[in-house]
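Reading the structure
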Amino acid sequence: MTFASISLEHKQQVLDELRVIKQQFAAKNWFPGTSGNLSMRVGDFDPEKFYFAITASGKDKSLSTPEDFLFVDRSGLVVETTSLKPSAETLIHCEIYRMTGCGAVFHVHTVFNNVISEWFGDQGAVPAQGIELIKAFNIWEENAPVSIPVLPNFAHIPSIAELVPDVLDERIPGILLRGHGIYAWGKNAFEAKKHLEAFEFIFEYLYHSMLLKNSVPPVNADGRRS
Ligand SMILES: CSC[C@@H](O)[C@@H](O)C(=O)COP(=O)(O)O
Ligand SMILES: [Zn+2]
């Protein structure tokens, strides 16, 4: 498959879907300070040859303009005539697509994913258990524990991208960059959005749960605080 062999209609459909997702995340204030990048794959998946649309680098993603996205190949090289530059973190998207064959990868910076990834940064993973939203990852065992990988936030993006294969867990559709943000993915935009929202819920839950544990003693069976 070549990029030119992918129908214009399909490419336009992907861009239209990305625009809607981007507006929905902007409404959540998930793009502070031009942070965040979104991508969706186009055409069939071949680990040696795939293409995706990704947000242009450095733009205010809370705004919608005619120049918000561009197409790149499996190496992150631009495959169309444009003055836009692909996201500075395109290689991380490339690696996630290559390793998972997913259809969409969404990256956002939030206070909760930054605080939680820093808190558990030395451990290299965020542990979570007994939170109903874990079922959003299609993990249905009762009280199932999950471990969300945390990678170091190197300034050199290729050094982060090369670590992705070693930490990927096929059950956990996301990775954190310490003090930076999360990448969540899925077979399509709907699933990637579901996973991202579940991760952000889990991080907010963990943040408040840890604060409660450290500030208010638990209530005993007879209703008294120890
Ligand atoms: C300006 S802070 C955010 C960036 O450094 C980066 O982490 C990010 O998420 C957005 O980069 P971009 O190149 O616009 O896709
Ligand atoms: Zn980022």
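Read on for an overview of the structure. (Residues numbered from 1 in each chain as written. Chains lettered and ligands numbered in written order. Predicted model: local features only at pLDDT ≥ 70, side-chain atom pairs only at ≥ 80, totals over all residues. Heavy atoms only, no water.)

**A look at the coordination of the zinc ion (ligand 2)**
Surrounding the zinc ion (ligand 2) are the protein donor atoms E89 (OE), H107 (NE2), H109 (NE2) and H180 (NE2), which sit 2.1 to 2.7 Å from the metal. Around the zinc ion (ligand 2) sit six donor atoms; with metal-centred angles ranging over 60 to 170°, the donor geometry is irregular. Site description for the zinc ion (ligand 2): donor spacing in sequence, E-x17-H-x1-H-x70-H. One end of the pair, E89, is in the loop between β3 (69–73) and α2 (90–100); the other, H180, is in the loop between β7 (174–177) and β8 (181–186), with 91 residues separating them in the sequence. (Donors = N, O, S within 2.8 Å, 3.2 Å for Na, K, Ca; no water. Tetrahedral: all angles 85-135°; square planar, octahedral: opposite > 155°, others 65-115°. Helix = DSSP H or I, 4+ residues; strand = E, 2+ residues; numbered from the N terminus.)

**Re the site of ligand 1**
The local shell around ligand 1 holds 14 residues, among which S57, G58, K61, S87 and E89 are the closest. Take S57: an N or O atom from its side chain is 2.6 Å from an oxygen atom of ligand 1. In the model, an oxygen atom of ligand 1 is placed 3.3 Å from a nitrogen or oxygen of the H107 side chain. The fraction of the free accessible surface of ligand 1 (420 Å²) that becomes covered by protein chains is 72%. Looking at side-chain class alone, the shell around ligand 1 contains one nonpolar, eleven polar and two charged residues. (Near = heavy atom within 4 Å. Polar contact = N/O pair within 3.5 Å; in protein donor to acceptor, adjacent residues only side chain to side chain. Areas by Shrake-Rupley, 256 points an atom, 1.4 Å probe, with all protein chains shown as cover. Nonpolar A, V, L, I, M, F, W, Y, C, P; charged D, E, K, R; others polar.)

Purely spatial values, then, with no claim about function.
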